[in-house]
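# Structural description and commentary
Each chain, written out:
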Amino acid sequence: MIGVAAAMMAACDSNKFHVEGEVAGAKDSVLYFEHVGLNGIEEAGQTTLTADGRFEFSGEAPEAPEFYRLRIGDQIVNVAIDSTETVTIKARYPQMSTVYEVSGSENNQKIKELALKQIDLQERVIALEGGGTLSNDELRDSLQRMLNTYKEEVKRDYIFKEPYQSYSYFALFQTLGPWLIFDPKNNADDIKVFAAVATSWDTFHPGAERGENLHNIAIEGMKNVRIMESRRQAQAIDQSKIVESGVIEVQLTDNHGRIQRLTDQKGKVVLLDFHIFGLADSPKRILSLREYYNKYHAQGLEIFQVSLDEDEHFWKQMTDALPWISVRDAEGLSSPLLVSYNVPSLPEFFLIDRQNNLVKRSSQMKDLDAEIRALL
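Scoring rules and cut-offs
All residue numbers refer to positions counted from 1 along the written sequence of the respective chain. Residues qualify for local features only when their pLDDT is at least 70, as the model is predicted, and side-chain atom pairs are given and counted only at 80 or more; totals for whole chains, interfaces and linings, by contrast, use all residues. Hydrogens are left out, water is left out, and the side-chain values use all remaining heavy atoms of the structure. Helical segments are the DSSP runs of H or I of at least four residues, strand segments are the runs of E of at least two, and each set is numbered from the N terminus. Throughout, the radius of gyration refers to the C-alpha atoms, and the reference size of a globule is 2.2 Å times the residue count to the power 0.38. Relative accessible area decides the class of each residue, using a 1.4 Å probe on protein chains only: under 20% of the type maximum gives buried, over 50% gives exposed, and in between gives partly exposed. Accessible areas in this description were obtained via Shrake-Rupley with a 1.4 Å probe; residue shielding takes into account the shown protein chains only. At least two DSSP bridges between two strands are required for those strands to pair. Note on definitions: angles span 0 to 180 degrees between N-to-C directions of axes, and those axes are lines fitted to C-alpha atoms, for helices only across the stretch in contact. The criterion used for residue contact is that any of the two residues' heavy atoms lie within 4.5 Å. What a helix is expected to span follows from its residue count: subtract one and scale by 1.5 Å. What we call a nonpolar core is a set of buried Ala, Val, Leu, Ile, Met, Phe, Trp, Tyr and Cys residues that are connected through their side-chain atoms within 4.5 Å. Classification of ring pairs rests on two measures: the distance between centres of Phe, Tyr or Trp rings, Trp counted by its six-membered ring, which must be within 6.5 Å, and the angle between planes, read as stacked under 30 degrees, edge-to-face over 60 and tilted in between. The working definition used for a salt bridge is a side-chain nitrogen of Lys or Arg within 4 Å of a carboxyl oxygen of Asp or Glu.

## Some thoughts on the overall build of the chain
For the chain, the helix and strand inventory stands at ten helices and 17 strands. Relative to the globule expectation of 21 Å for 376 residues, the C-alpha radius of gyration of the chain, 29 Å, shows a markedly less compact shape. Evaluated residue by residue, the chain yields a buried proportion of 43% over its 376 residues. On the chain, roughly 20000 Å² of surface is accessible, and the fraction owed to carbon and sulfur atoms is 50%.

If you want it as structure tokens, here you go:
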């Protein structure tokens, strides 16, 4: 029976990973072992160090690479865990973040290299900003060159070399102050880097939540870049898209399944409204529009509301009881209409007169009520 029990304990232990080692100069300090998850940082263990500084943590082996960190105060050592490996860390406090050795894991050796490079970059940026000899433009250009050089080196020597490795994933989320070094929201080249790692994780870690998260980040970034590029190309309304009646056509399906055309509203004063019902202030805005509609509809006012909500079912629920024309553009924030009407932010609205001429946009109106009365 003892042999069976021992075998069962060995089997259980074989499904665990281990992080062990020592932190010199940290007697009586609390060493935290924390899981760095997609939803935040959670404590996975802690120990109060004795004079020899030895520690050991373990956990269930992950199916795909996961990330943890050892921490005393603000001193941090990042650790990647892949399956049942044992990672050994030997560090010295209070310089634990920079003065440590790692063995048992090539991935964690690479992560150490990246962490030291990041710290060096941060120090060089601080030194440059504190020099006081450069103008603002010169400082900005110098910082950008420094950042670009760092990113090219990390892409060449780490990310593109082995994009499926956990250290490549780690490199994507390095920061400079509060900002990500690789910007997956606004930089087209950086988005490609995220996409490359995401694709590689699909192959080597299929179904991994982190891989799916990378895809979502890349897709959202691509949308943002398309929108920004389109708006740069259309700083004003494109006159070539204006029909003879003097308004840019909007032709979309409403919440009852009917095709609605903006030009069909000729003879009415139209408040053209671009809206997202998912915005926090949407209910307040809808109440305001109802007041104008109830007050002036009988005199010839129509509201033509274009929703950019991604969730069609949610949009139909929110517009079911609205009395005006409610249409939805399935392209959402990538809609060409936002470019054609030069809409920089939402919500946004325009007034159109009875002859179908676009008269004013929101920023040109101080008193919407007075503007509507003047057109009626």
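## Focus: the sheet that holds strand β4 (residues 54–60)
If you walk across this open sheet you meet the four strands as β4-β1-β7-β8, and the pairing is mixed. Only two strands of the sheet have a single partner each, and these edge strands are β4 and β8 (100–103). Pairs of neighbouring strands in the sheet enclose a mean axial angle of 15 degrees, with direction left out of account. Where strand β1 (residues 16–24) meets β4, seven bridges bridge the pair, whose relative direction is antiparallel. In the sheet register, histidine 18 faces β4, and the bridge partner there is serine 58. Against the sheet, helix α2 (residues 106–129) touches β7 (86–92) and β8, its axis set at about 155 degrees to β8.

## Thoughts on helix α7 (residues 282–296)
Helix length check: α7, at 15 residues, gives a terminal C-alpha distance of 21 Å against a target of 21 Å (1.5 Å per residue), a fit within 8%. On the buried face of α7, the contacting elements are β13 (269–275), β14 (301–307), β16 (348–352) and α10 (368–375).

## Description of the sheet that holds strand β15 (residues 325–328)
Across the sheet, five strands lie side by side as β15-β14-β13-β16-β17; this open sheet has mixed pairing. Whereas interior strands pair on both sides, the edge strands pair on one side only; in this sheet they are β15 and β17 (358–361). Taking each pair of neighbouring strands and ignoring which way they run, the sheet shows an average axis angle of 20 degrees. With four bridges connecting them, β14 and β15 associate as parallel partners. What sits directly across from glutamine 305, in β15, is serine 326. Sitting on the sheet, α7 is in contact with β13, β14 and β16, with an inclination near 155 degrees to β14.

## What to know about the nonpolar core
Across soluble globular proteins, you tend to see nonpolar side chains buried next to one another. Counting 32 residues, the largest nonpolar core has Leu114, Leu121, Val154, Ile159, Leu172, Ile181 and Leu214 as its most contacted members. Where this core is concerned, the elements lending two or more residues are α2, α3 (136–159), α4 (166–172), α5 (188–204) and α6 (209–233). Not counting residues up to four positions away in its chain, the partners in contact with isoleucine 159 are Val154, Ser168, Ala171, Leu172, Phe182, Val193 and Val197. Among the nonpolar cores identified, the runner-up in size contains 21 residues, and Val23, Leu31, Val77 and Val87 belong to it.

## Some points on the packing of aromatic side chains
Summed over all chains, the structure comprises 15 aromatic pairs. Ring geometry for phenylalanine 17 and phenylalanine 33: centres 6.3 Å apart, planes at 50 degrees, overall tilted. Residue phenylalanine 17 is found in strand β1, and its partner phenylalanine 33 is found in strand β2 (residues 30–37); the two are separated by 16 residues along the sequence. When its relative accessible area of 1% is taken as the criterion, phenylalanine 17 is described as buried. Residue classification places phenylalanine 33 among the buried residues on the basis of a relative accessible area of 1%. Between phenylalanine 274 and tyrosine 341, the aromatic rings sit 5.5 Å apart at their centres with planes inclined by 55 degrees, giving tilted as the arrangement. Here tyrosine 341 lies in the loop between α9 (336–340) and β16 and phenylalanine 274 lies in strand β13, a separation of 67 residues in the sequence.

## Some thoughts on the pairing of β17
Here β16 pairs with β17 via three bridges, running antiparallel. The partner of leucine 351 across the bridge, within β17, is lysine 360. Linking β16 back to β17 in an antiparallel pair, the connection comprises five residues, with asparagine 356 at a positive phi of about 70 degrees.

## Considerations on the side chain of serine 200
Mapped onto the elements, serine 200 comes out in helix α5. With relative accessibility at 9%, the residue serine 200 sits in the buried group. Those residues within four positions of serine 200 in sequence are excluded, and the remaining contacts are Pro163 and Tyr164.

## Details of the pattern of salt bridges
The tally for this structure, following the rule as stated, stands at 20 salt bridges. Between glutamate 153 and lysine 117 there is a salt bridge, with the nearest N and O atoms lying 2.7 Å from each other. On the criterion of sequence distance, the pair formed by glutamate 153 in helix α3 and lysine 117 in helix α2 is long-range, its members being 36 residues apart. With relative accessibility at 26%, the residue lysine 117 sits in the partly exposed group. Ionic pairing is found between glutamate 152 and lysine 155, a salt bridge with its closest N-O pair at 3.0 Å. Placement of the pair is glutamate 152 and lysine 155 together in helix α3, with a separation of three residues, close to one helical turn. Several salt bridges converge on common partners, so that one network encompasses Glu34, Arg69 and Arg71.

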